[in-house]
Amino acid sequence: MSDAIPKPPYGDAPIPQDYPNSMGAAIPSLREKIISEISKRGSISFPEYLAIALYDPELGYYARDSTQVGRRGDFYTSVSVGSLFGRLLAQRFLGWWETNGQPADWRILEIGAHDGTLAADILSEIRQLSPDAWQALEYAIPEPLPRLRGLQKARLENLASRLLIAESFEAISAHALPGVAFGNEILDALPFHLIELKNDVWKELHVIAGENGTLALEPRETSIQLGNSFPEGYRTEVRTNFPDFLASVTACLTNGLLMFADYGFAAPEYYDVYRSSGTLRTFSSHKAGEDPFAAPGEKDITAHVDFTDFAKTAIALGYFPSAFSSQGNYLTNLAKTLILNGGVDDTKTIAQFQSLTHPAHLGAKFHIIELTRSAEIPPEVAHRLAL
Ligand SMILES: C[S@@+](CC[C@H](N)C(=O)[O-])C[C@H]1O[C@@H](n2cnc3c(N)ncnc32)[C@H](O)[C@@H]1O
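Along each chain, residue indices are assigned from 1 in the same order as the chain's sequence is written. Local features in a predicted model are, by the rule used here, given only for residues with pLDDT of at least 70; side-chain atom pairs are given and counted only at 80 or more, and totals for whole chains, interfaces and linings are based on all residues. Side-chain measures were taken over the full set of non-hydrogen atoms in the model, leaving aside hydrogen atoms and water.

Visitor: Help me understand the nonpolar core in this model?
Guide: Most often, soluble globular proteins have nonpolar side chains that are buried together. Think of a nonpolar core as a cluster: buried Ala, Val, Leu, Ile, Met, Phe, Trp, Tyr and Cys residues, connected wherever their side-chain atoms sit within 4.5 Å. Exposed residues in this analysis have more than 50% of their type's maximum accessible area, buried residues have under 20%, and partly exposed residues fall in between, with area computed by a 1.4 Å probe over protein chains only. Judged by nonpolar contacts, the single largest core of 45 residues is most densely connected at W106, I108, I122, I126, Y139 and F182. Discounting residues that sit within four places of it in the chain, I126 has contacts with A90, L94, W106, I108, P131, A133, W134 and L137. In terms of nonpolar packing, the next biggest core, distinct from the first, is built from 37 residues, L30, Y49, A63 and L280 among them. Any two residues whose heavy atoms approach within 4.5 Å are treated as being in contact.

Below, the structure written as structure tokens:
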């Protein structure tokens, strides 16, 4: 069984590998697994808790089944709105290929491809718009969860001219190519630390076992310090796994474009004093909650993305932000050609465009960041990211 457990893709949160699963032995619930891990070590960090709750290979939220996204699932993403999101991204990626010498061998790397729906939309559009680009393209997906790898393969094997679905980034970066690396709602799914200001000192909240199978948070000393311009009791989240994550992503490209879409803010807004209880949310059947221990494995647990921190991490790795805007602005710009050519004129596509771009739907809450090797950061981008 341990052979089937994927290597944790997010750096500092190992998934325990020694749970009993022999024939006849009862398979413990995820809560029991977590408590057993805590009893061995006294406590686990919050990222370790998330790694189990979300990615335990048997009972983790993302391993369980693939029905989390969409109307009958727990939350919507831009992908569940319809194919327009993928069609617009396809135009952007094709634009990159055309303005970068039309490489005879290029790659699109999608991280967090889930059941392959977005990949299918992108590949179909590229094939239709430019058979040459499609022929030259390898579509690559690093996917730690075996079930999702199976779904992606089944959906995509006839849509891609070359498909590479791998358990780890390493299998893809072994042969780096020029191209695009992107992810929709992947950054928010990366495990994060919880920290809280107590008597002017930042403490990290670890997960301990409470009474009667409950889980609780306990403050511990930490090296994560955000300064002292915050009110007492201020709680927030910090991701320390961006460097490992981005190093893995950029190693898959010799050169190219990075693009990530997610909900989040630049640092000044993220760490505004009014946001004193952070951005942690759980999602289940389209209802948001705030208790990460309510039903481990049955709810998504996420936190918004600090895009300033993400951009600074990328800069240290030689990728510089070239665009950062609301999803509404970004997609409206991308859609201009399609609109002018009459491609957004049926009611279904118009409705999709509105959902993706209207500020009251997904247009304002989501942001899109692009990064390239060009060290000239446009001043408005530097300003918006508070760099
Ligand atoms: C919120 S879902 C996004 C799904 C899809 N991109 C969409 O927009 O509908 C996050 C996905 O990221 C995957 N994931 C999380 N961490 C990952 C990692 N480090 N590498 C690859 N996939 C990861 C999860 O398995 C999950 O399918």
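Still to come is the rest of the account.
Visitor: Help me understand unusual backbone geometry, please; the structure alone is not making it clear to me.
Guide: Note: most peptide bonds trans; most residues except glycine with negative phi. The backbone of N199 shows a phi angle near 50°, a positive value even though the residue is not glycine. Along the polypeptide, N199 turns up in the loop between β6 (193–198) and β7 (201–209). We classify N199 as exposed; its relative accessible area is 66%. Backbone geometry at D200 places phi at a positive 70°, although glycine is not the residue there. By the element assignment, D200 lies in the loop between β6 and β7. What makes D200 exposed here is its relative accessible area of 60%. Numbering of helices and strands starts at the N terminus; helices are DSSP runs of H or I of at least 4 residues and strands are runs of E of at least 2.

Visitor: What is the right way to look at the sheet that holds strand β13 (residues 300–302) in this model?
Guide: For sheets, the rule is that strands pair by backbone hydrogen bonds, running either parallel or antiparallel. Pairing is antiparallel in the open sheet, where three strands are placed in the order β12-β11-β13. Each of the sheet's edge strands pairs with one partner strand only, and the pair in question is β12 (287–289) and β13. Ignoring strand direction, the axes of neighbouring strands in this sheet form an average angle of 30°. Only strands that DSSP links by at least two bridges are regarded as paired with each other. Where strand β11 (residues 281–284) lies against β13, three bridges are found, and the strand directions are antiparallel. Pairing of F283 across the sheet is with D300, part of β13. A fitted line through C-alpha atoms serves as each axis, taken over the contacting stretch for helices, and the angle formed by two N-to-C directions is quoted from 0 to 180°.

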